[in-house]
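So you can see what is in the structure, the chains are spelled out below.
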Amino acid sequence: MTGPLDGIRVLSIAINLPGPAAVARLASWGARVTTVLPPTGDPMERYAGAYFDELHEGQTIEHVDLKSDEGRARVDELLAETDIFLTSSRPSALTRLGLDHATVSGRHTRVCQVDIVGHPGDGAEVAGHDLTYQAGTGLVRDGRMPATTVVDLAGAERAAAEAAAALVERARTGRGSRREVALSDLAHMMARPVVHGLTVPGGLLGGGAPVYDVYAVSDGHIALAALEPHFTTRLLTELDIAPEELSRERLAEVFTTRTAAEWQQWADERDIPLAAVRTA
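In short, a report on the structure. Residue numbers here run from 1 along each chain, matching the order of that chain's written sequence. pLDDT decides what is reported in this predicted model: residues at 70 or higher carry local features, side-chain atom pairs at 80 or more are listed and counted, and totals for whole chains, interfaces and linings draw on all residues regardless. To get the side-chain values, all heavy atoms of the structure are used, and hydrogens and water are removed first.

Structural notes on the overall build of the protein
Step number 1: Only DSSP runs of H or I covering at least 4 residues are called helices, and only runs of E covering at least 2 are called strands; the numbering of each starts at the N terminus. Check the secondary structure of the protein and you find 14 helices and nine strands.
Step number 2: Relative to the compact-globule value of 19 Å for 280 residues, the protein shows a C-alpha radius of gyration of 24 Å, a clear excess of over 25%.
Step number 3: Projecting the C-alpha coordinates of the protein onto the three principal axes gives extents of approximately 75 × 40 × 40 Å.
Step number 4: Here the term buried applies to any residue with accessible area under 20% of the maximum for its type, exposed to any over 50%, and partly exposed to those in between, with areas from a 1.4 Å probe on protein chains only. Split into buried and exposed, the 280 residues of the protein put 41% on the buried side.
Step number 5: Of the contacts formed within the protein by residues at least 6 apart in sequence, a portion of 65% connects residues at least 24 apart.
Step number 6: All accessible-area figures derive from a Shrake-Rupley calculation using a 1.4 Å probe, and residue coverage is judged against the displayed protein chains alone. Accessible surface for the protein amounts to roughly 14600 Å². Of this, 53% is attributable to carbon and sulfur atoms.
Step number 7: Charge centroids of the protein, computed over 26 positive and 39 negative side chains, lie 5 Å from each other. Computation of the radius of gyration draws on C-alpha atoms alone. For the globule rule, the value is 2.2 Å times the number of residues to the power 0.38. In this description, contact between two residues means that some pair of their heavy atoms is separated by no more than 4.5 Å. In this tally, Lys and Arg are treated as positive and Asp and Glu as negative; His is ignored, and so are the chain termini. One atom stands in for each charge, and that atom is NZ of Lys, CZ of Arg, CG of Asp or CD of Glu.

This is how it looks when you write it as structure tokens:
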């Protein structure tokens, strides 16, 4: 079976997480991906080798010194056959390497360039990482580290979408374009439920609703998400709890009577949104 991007060629010089996750998405849609890494490789190979392999499965990987004449010539050869060019370097670095959009588009007019940056526009030179973007938008709570790199992965999905949008635009105009993905913008978007009070402690999705919360069971925890009225009604009926008796304390008392797996099976059989909490 072919995907929607069958026949599309992607060249990536992006390392760490957002770029590789983005090209992995494009590859899953059928694109042919060549990833160019520096001679020292991608740091992710050292600290998360299995994840690196997962994100680069089926891709062609070349190690090229972009600071050398030979390396830049090799990348130019690849760009001549490229539809989507993905980067995650600061604009000043791309300019020094002759890989900024103005220079690339001057030689290869049909290349669609997607630049992943930390901050939009003039702020693109400001240093940052997923942790700082989350911290700056209220996603880091109580001094605890985030459970996952949500901004990086949201940025990857946005980059893949921007690449697809650029291809649509090229089909209409005949020329490639530049699309910018600012991770700080993604953090701002991901924080909107916090800003609007949905997921703050005590908010509707932050423990304020007894039917949407995490509960201790006999061997761990479960997550209950019976938010819609029909799920709430079904939950209370199956647990033989009157609506006026609904409270977090009442549900907590009931849930301690079984294991997480038992509650998972019980809920699946009754079409109730509940899941055992598992560790990665």
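Re the nonpolar core
Soluble globular proteins: nonpolar side chains tend toward being buried together.
Step number 1: With 34 residues, the main nonpolar core has Ile8, Val10, Leu26, Ile84, Leu86 and Ala159 as its most contacted residues.
Step number 2: Listing elements by their share of this core, those giving two or more residues are helix H1 (18-28), strand E2 (32-37), helix H3 (49-55), strand E4 (84-87), strand E5 (112-117), helix H8 (150-173) and helix H9 (183-190).
Step number 3: Among the elements that line this core, the one with the most residues is H8, at eight residues.
Step number 4: Apart from residues no more than four positions distant in its own chain, Ile84 is found in contact with Ile8, Arg9, Val10, Leu11, Leu26, Cys112, Ala163 and Leu167.
Step number 5: Here the nonpolar core consists of buried residues drawn from Ala, Val, Leu, Ile, Met, Phe, Trp, Tyr and Cys, with membership extended through side-chain atoms lying within 4.5 Å. Among the nonpolar cores identified, the runner-up in size contains 22 residues, and Ile222, Leu235, Phe255 and Ala267 belong to it.

Concerning the environment of Glu253
Step number 1: Within the secondary structure, Glu253 is located in helix H13 (residues 248-255).
Step number 2: Along the backbone, Glu253 and Gln265 are twelve residues apart, and their C-alpha atoms lie at a distance of 19 Å.

Remarks on the sheet that holds strand E3 (residues 60-63)
Step number 1: Two strands qualify as a pair provided that DSSP identifies no fewer than 2 bridges between them. Overall, parallel pairing links the six strands, which are arranged E3-E2-E1-E4-E5-E6 in an open sheet. Looking at the sheet topology across the chains shown, the edges are occupied by E3 and strand E6 (178-182). Each strand axis lies, on average, 20° off the axis of its neighbour in the sheet, ignoring direction.
Step number 2: Pairing between strand E1 (residues 9-12) and E4: three bridges, direction parallel. Opposite Val10, over in E4, you have Ile84 as the bridge partner.
Step number 3: Sitting on the sheet, H1 is in contact with E1, E2, E4 and E5, with an inclination near 155° to E4.
Step number 4: An axis is simply a line fitted to the C-alpha atoms; with a helix, the fit covers only the stretch in contact. Between two such axes, the angle follows the N-to-C directions and lies from 0 to 180 degrees. Strand contacts of H8: E4, E5 and E6, with the helix running at about 165° to E6, the strand carrying the most contacts.

Re the side chain of Thr87
Step number 1: Assignment of secondary structure puts Thr87 in strand E4.
Step number 2: Whenever two N or O atoms come within 3.5 Å, that pair is a polar contact, provided that in protein one can donate a hydrogen and the other can accept it, and provided that, for residues adjacent in sequence, both atoms are side-chain atoms. Here Asp115 takes part through its side chain, which lies 2.7 Å from a polar atom of the side chain of Thr87.

Focus: the pattern of salt bridges
Step number 1: When a carboxyl oxygen of Asp or Glu lies within 4 Å of a side-chain nitrogen of Lys or Arg, that pair is called a salt bridge. In total, this model carries 17 salt bridges according to the counting rule given.
Step number 2: Arg9 is the partner of Glu81 in a salt bridge, and the nearest nitrogen-oxygen pair spans 3.7 Å. Taken together, the residues span a long stretch of sequence, with Glu81 in the loop between helix H4 (69-79) and E4 and Arg9 in strand E1 at a distance of 72 residues.
Step number 3: Classification of Arg9 as partly exposed rests on a relative accessible area of 30%.

Quick notes on H1
Step number 1: Of all the eleven residues making up H1, eight are buried; the element is thus mostly covered by neighbouring parts of the structure.
Step number 2: Among the residues of H1, Pro18, Gly19, Pro20, Ala21, Ala22, Val23, Ala24 and Leu26 are the ones counted as buried.
Step number 3: At the C-terminal side of H1, Gly30 shows a positive phi close to 105°.

Overview of the sheet that holds strand E8 (residues 220-225)
Step number 1: Read from one edge of the open sheet, three strands run E7-E8-E9, paired in antiparallel fashion. Since the sheet does not close on itself, it has two edges, and those belong to strand E7 (212-217) and strand E9 (274-276), each with one partner. On average, each strand axis in the sheet is inclined to that of its neighbour by 20°, with strand direction left out of account.
Step number 2: As paired elements, E7 and E8 share six bridges and run antiparallel to each other. Following the sheet pairing, Asp213 is matched in E8 by Leu224.

What to know about unusual backbone geometry
A negative phi holds for most residues other than glycine; trans holds for most peptide bonds.
Step number 1: In the Ramachandran plot, Asp142 falls in the positive-phi region, its phi being about 55° despite a non-glycine side chain.
Step number 2: As for its position among the elements, Asp142 is in the loop between helix H7 (130-135) and H8.
Step number 3: Here the phi dihedral of Asp240 falls at roughly 55°; this positive angle occurs in a residue that is not glycine.
Step number 4: You can see Asp240 is positioned in the loop between helix H12 (229-239) and H13.

Some thoughts on the side chain of Gln264
Step number 1: With respect to the helices and strands, the residue Gln264 is situated in helix H14 (residues 260-269).
Step number 2: A distance of 3.1 Å separates the side chain of Gln264 from the backbone oxygen of Leu274, its partner in a polar contact.
Step number 3: Side-chain polar atoms of Gln264 contact the backbone nitrogen of Ala276, separated by 2.9 Å.
Step number 4: Once you skip the residues sitting within four places of it in the chain, Gln264 turns out to touch Leu274, Ala275, Ala276 and Arg278.

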